Amino acid sequence: SKRIVLGVLLPNRFQEAVKFQELLTQYGCNIRTRLGLHEVCDHKCSVSGLILLEMYGDEEQILELEEKLRGLDGVQVQKMVFEEPAG
């Protein structure tokens with residue numbers, strides 16, 4: 001069994017937010033955990049965002065989501081795959 005985590009960097013979270021959210025909704029049953037990070041300080045709120053997705057379920061659907069995320073303009077996707085020990 002594998003544990004897959006996708007790291008998604010949205011360079012302009014305001015520009016891609018709607019398309020991104022539509023994909024997360026479409027593949028919602030394959031997302032176990034979602035964590036959004038963006039930089040905030042007293043003077044500004046960063047336009048970029050980093051989202052970590054812990055995936056669940058059918059690996060083919062997870063790969064489908066990964067490819068669709070990569071198709072969004074300027075979006076970067078990194079994947080971590082952890083092999084669960086048998087037993």
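The numbers attached to residues start from 1 for each chain and follow its sequence in the written order. Note on the predicted model: pLDDT of at least 70 is required for a residue's local features to be given, and 80 or more for side-chain atom pairs to be given and counted; whole-chain, interface and lining totals, by contrast, use all residues. To obtain the side-chain values, all non-hydrogen atoms of the structure were included, while hydrogens and water were left out.

### Some remarks on the confidence of the model for the protein chain
Each residue gets a pLDDT score, which is the predictor's confidence in that residue and runs from 0 to 100. Mean pLDDT for the protein chain: 91, with 99% of residues reaching 70 or above. Looking at the elements of the protein chain, mean pLDDT is at its lowest for helix α1 (residues 13-26), recorded as 90, and at its highest for helix α2 (residues 59-70), recorded as 97. Secondary structure elements follow DSSP: runs of H or I no shorter than four residues count as helices, runs of E no shorter than two count as strands, and numbering proceeds from the N terminus.

### Overview of the nonpolar core
By convention a nonpolar core is built from buried Ala, Val, Leu, Ile, Met, Phe, Trp, Tyr and Cys residues, the set being connected through side-chain atoms within 4.5 Å. Each residue is placed in one exposure class: buried if its accessible area under a 1.4 Å probe, protein chains only, is under 20% of its type's maximum, exposed if it is over 50%, and partly exposed if it falls in between. Judged by nonpolar contacts, the single largest core of 18 residues is most densely connected at Leu-6, Val-8, Phe-20, Leu-53, Met-55 and Leu-69. Only β1 (2-10), α1, β3 (49-55) and α2 provide two or more residues apiece to this core. With four residues, β1 is the single largest residue contributor to this core. Should any heavy atoms of two residues lie within 4.5 Å, those residues are counted as being in contact. Ignoring any residue separated from it by four or fewer positions in sequence, one finds Leu-6 in contact with Ile-51, Leu-52, Leu-53, Met-55, Glu-66, Leu-69, Val-77, Gln-78 and Lys-79.

### Looking at the sheet that holds strand β2 (residues 31-37)
Hydrogen bonds between backbone atoms are what pair the strands of a sheet, whose relative direction is either parallel or antiparallel. For two strands to be treated as a pair, DSSP must find at least two bridges joining them. One open sheet accounts for four strands, arranged β2-β3-β1-β4; its pairing is antiparallel. Where the open sheet ends on each side, the last strands, each with one partner, are β2 and β4 (76-83). Taken pair by pair, the neighbouring strands of this sheet meet at an average axis angle of 15°, ignoring direction. Axis lines are fitted to C-alpha atoms, over the contacting stretch for helices. Their N-to-C directions set the angle, which ranges from 0 to 180 degrees. Most of the contacts of α1 go to β1, to which it runs at about 155°, and overall it touches β1, β2 and β3.

### Description of the packing of α1 against α2
With their axes 11 Å apart at the nearest point, α1 and α2 run at an angle of 175° to one another. When the axes of α1 and α2 are compared, the pair comes out roughly antiparallel. Together, Phe-20, Leu-23 and Gln-26 of α1 and Leu-65, Lys-68 and Leu-69 of α2 make up the contact between the two elements. Here the contact of α1 with α2 is composed, by residue class, of four nonpolar, one polar and one charged. Oblique is the label for every angle not falling under 35 degrees (roughly parallel), over 145 degrees (roughly antiparallel), or within 65 to 115 degrees (roughly perpendicular). In the scheme used here, Gly and all other residues not listed as nonpolar or charged are polar, with Ala, Val, Leu, Ile, Met, Phe, Trp, Tyr, Cys and Pro taken as nonpolar and Asp, Glu, Lys and Arg as charged.

### Examining the pairing of β1
Bridge count for β1 against β4 is eight bridges, and the pairing is antiparallel. Each residue of the ladder has a partner; that of Ile-4, found in β4, is Val-81. In the sheet, β1 pairs with β3 via six bridges, with the strands oriented antiparallel. Bridge pairing links Leu-10 to Gly-49 in β3.

### As for the pattern of salt bridges
The term salt bridge refers to a side-chain nitrogen of Lys or Arg lying within 4 Å of a carboxyl oxygen of Asp or Glu. One pass over the full model with this rule turns up six salt bridges. A salt bridge links Lys-2 to Glu-59; the nearest nitrogen and oxygen atoms lie 3.3 Å apart. Of this pair, Lys-2 sits in strand β1 while Glu-59 sits in helix α2, placing them 57 residues apart in sequence. Among the salt bridges present, the one from Arg-70 reaches Glu-66, with a minimum N-O distance of 2.7 Å. Of the two residues, Arg-70 and Glu-66 both sit in helix α2, four residues apart, roughly one turn of that helix. Note on Glu-66: relative accessible area 5%, which makes it buried. A single network of salt bridges, built from pairs that share partners, joins Arg-3, Arg-32, Glu-54 and Glu-84.

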